[in-house]
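Coordinate inspection notes
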Amino acid sequence: MSIQMVGFDADDTLWKSQDYFDAAQAEFESIIGQYIDLSVAGVQDHLLQVEKQNIAVFGYGAKGMMLSMMESAIEMTEGRITSSDIRRILDLGKGVLQHPVELLPGIEEAVDEVSRYFPIVLITKGDLFHQEAKVKATPLSKRFKRIEIVSEKDPQTYRRLFGEFAVAPSEFMMIGNSLKSDIEPILAIGGWGVHVPYHTTWAHETVDGIDESLLSNFRTATNASEIPRKVRELADLARPS
Ligand SMILES: [Mg+2]
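Counting from 1, residues in each chain are numbered in the order their sequence is written. Per-residue local features of the predicted model are confined to residues with pLDDT of at least 70, and side-chain atom pairs are confined, for both listing and counting, to 80 or more; whole-chain, interface and lining totals are unaffected and use all residues.

This part is about the overall build of the protein. Within the protein, the secondary structure is distributed over 10 helices and 6 strands. Against the compact-globule benchmark of 18 Å for 241 residues, the protein has a radius of gyration of 19 Å, which places it among compact chains. Principal-axis analysis of the C-alpha atoms gives the protein an extent of 65 × 35 × 30 Å. Here a residue counts as buried when 20 or more other C-beta atoms fall within 10 Å of its C-beta, as exposed when 12 or fewer do, and as partly exposed in between; the C-beta atoms come from the backbone. For the protein, buried positions account for 34% of its 241 residues. Partitioning the contacts of the protein with sequence separation of at least 6, the portion at a separation of at least 24 is 70%. Helix and strand assignments come from DSSP, with helices taken as H or I runs of at least 4 residues and strands as E runs of at least 2, each series counted from the N terminus. Only the C-alpha atoms count toward the radius of gyration. The rule for a globule is 2.2 Å times the residue count to the power 0.38. What counts as a contact here is a pair of residues whose C-beta atoms, placed from the backbone, lie within 7 Å.

The structure is reproduced here in structure tokens:
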């Protein structure tokens, strides 16, 4: 057994993403604040609940967020929100969808370095159209053998992809910012993971920590430039002795 392929997450691993969602949500709160007392309203909690319920309907991404904001705004203002404020919410969503791609510092070099030793693939969830546009906008995308935009990152999805890639889970390493989506499901099926934490994480993606029995297949890189070294460390462990 040795590592045959390395996967990269996209949002907040290759490029900025959550910052734009956070900014849109702060702006959303100020719109709602014109109607209700923010100190008692729990706007972000309400929005998160609506978003979670809507994942099954809209999937992940900025369009789902925008529609959930509208739904949440109508509920929280008991229908008093004006059409011009609904328009502002629409524009917040469009702003996230149309934001230029900003690669994270050091990630181009890290992707280059890792791709020298292993075939690399990109695995991301989120809005298909938005993700395709971002992939197209960056020169990095040419380095990846496959680009997979999936609706959920769970063990079943990864198993299906490994079947298509013709690799065993124990031959695959995933690099990403989300313990919940990029690391836990991979470790759970016997793969390897390098977590690269980002300074902000969507509340839906947070987990308490990694199960201790799985830690041997797991490393943390504090920034992109540490990724190649952590990948090599794990690849050495994966090699038959
Ligand atoms: Mg991510």
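Our focus in this paragraph is the domain arrangement of the protein. Residue ranges labeled as domains rest on an automatic or database domain assignment. Parsing the protein into structural domains produces domain 1 (5-16 + 102-238) and domain 2 (18-97). Using C-alpha coordinates to define each centre, domain 1 is positioned 29 Å away from domain 2. With 13 residues of domain 1 in contact, the opposing surface of domain 2 contributes 14 residues. Residue polarity follows a fixed list, in which Ala, Val, Leu, Ile, Met, Phe, Trp, Tyr, Cys and Pro are nonpolar, Asp, Glu, Lys and Arg are charged, and the others, Gly among them, are polar. For the side of domain 1 that touches domain 2, the class distribution of residues is 3 nonpolar, 6 polar and 4 charged.

With that settled, the discussion passes to the environment of Ser 178. With respect to the helices, strands and loops of the structure, Ser 178 is situated in the loop between β4 (172-176) and α9 (179-188). C-beta crowding within 10 Å serves as the criterion here: with 25 such atoms nearby, Ser 178 is assigned to the buried category. Setting aside residues up to four positions removed in sequence, Ser 178 forms contacts with Asp 9, Thr 201 and Glu 205.

To continue, consider the packing of helix α6 (residues 107-117) against helix α10 (residues 227-238). Interhelical geometry of α6 versus α10 gives an angle of 30 degrees and a closest axis separation of 9 Å. In terms of axis orientation, α6 runs roughly parallel to α10. Between α6 and α10, the contacting residues are Ala 110, Glu 113 and Val 114 on the first element and Ile 227, Pro 228 and Val 231 on the second. Broken down by class, the residue content of the contact of α6 with α10 amounts to 5 nonpolar, no polar and 1 charged. Note on geometry: axes are lines fitted to C-alpha atoms, helical ones only across the stretch in contact, with angles between N-to-C directions running from 0 to 180 degrees. Should an angle fall under 35 degrees it is called roughly parallel, over 145 degrees roughly antiparallel, and 65 to 115 degrees roughly perpendicular, with every other angle called oblique.

Paired strands, as defined in this entry, are two strands with at least two bridges between them according to DSSP. Pairing is parallel in the open sheet, where 6 strands are placed in the order β3-β2-β1-β4-β5-β6. Looking along the sheet, the strands with just one partner apiece sit at the ends: β3 (146-150) and β6 (218-220). Averaged over all pairs of adjacent strands, the angle between strand axes in this sheet comes to 20 degrees, irrespective of strand direction. Both strand β1 (residues 5-8) and β4 contribute to a ladder of 4 bridges, which runs parallel. Bridge pairing in β4 links Phe 8 to Ile 175. The strands touched by helix α8 (residues 155-165) within the sheet are β1, β2 (120-125), β3 and β4, with β3 carrying the most contacts at an inclination of about 155 degrees.

Now for unusual backbone geometry. For Glu 78, which is not glycine, the phi torsion reads 50 degrees and is therefore positive. With respect to the helices, strands and loops of the structure, Glu 78 is situated in the loop between α4 (62-76) and α5 (83-97). Even without a glycine there, the phi angle at Ala 166 is positive, about 60 degrees. For Ala 166, a count of 9 C-beta atoms within 10 Å gives the class exposed.

Another aspect to go through is the nonpolar core. In these notes, a nonpolar core means any group of buried Ala, Val, Leu, Ile, Met, Phe, Trp, Tyr and Cys residues linked to one another through C-beta atoms within 7 Å. Counting residues in hydrophobic clusters, the biggest one holds 33 residues, and the most contacted among them are Val 6, Met 173, Ile 175 and Ile 227. Residues in contact with Val 6, not counting those within four places in the same chain, are Val 114, Phe 118, Ile 120, Met 173, Ile 175 and Val 231. With 15 residues, the next largest nonpolar core counts Leu 47, Met 65, Leu 92 and Val 96 among its residues.

Further remarks concern the packing of helix α3 (residues 43-58) against α4. Two elements in contact, α3 and α4, have axes separated by 8 Å at closest approach and are oriented at 130 degrees. The angle between α3 and α4 falls in the class oblique. In the crossing of α3 with α4, the sense of the turn from one axis to the other is right-handed. Touching Val 43, His 46, Leu 47, Val 50, Glu 51, Asn 54, Ile 55 and Phe 58 of α3 are Lys 63, Gly 64, Met 65, Leu 67, Ser 68, Met 69, Glu 71, Ser 72 and Met 76, all from α4. A class-by-class count of the residues in the contact of α3 with α4 yields 9 nonpolar, 5 polar and 3 charged. Handedness of a crossing is defined here by the sense of rotation of the near helix relative to the far one, left-handed for an anticlockwise turn of less than a right angle and right-handed for a clockwise turn.

The element β4 is largely enclosed, with a buried count of 5 among its 5 residues. Residues of β4 alternate between two faces, with Phe 172, Met 174 and Gly 176 on one and Met 173 and Ile 175 on the opposite face, all of them buried. Summarising the sheet, β4 and strand β5 (residues 192-195) pair through 4 bridges and their orientation is parallel. Bridged to Ile 175 within β5 is Val 194. For the segment spanning β4, α9 and β5, crossover handedness is right-handed. We call a crossover right-handed when, viewed with both strands directed away from the observer, the connection leading from the first strand over the helix to the second proceeds clockwise.

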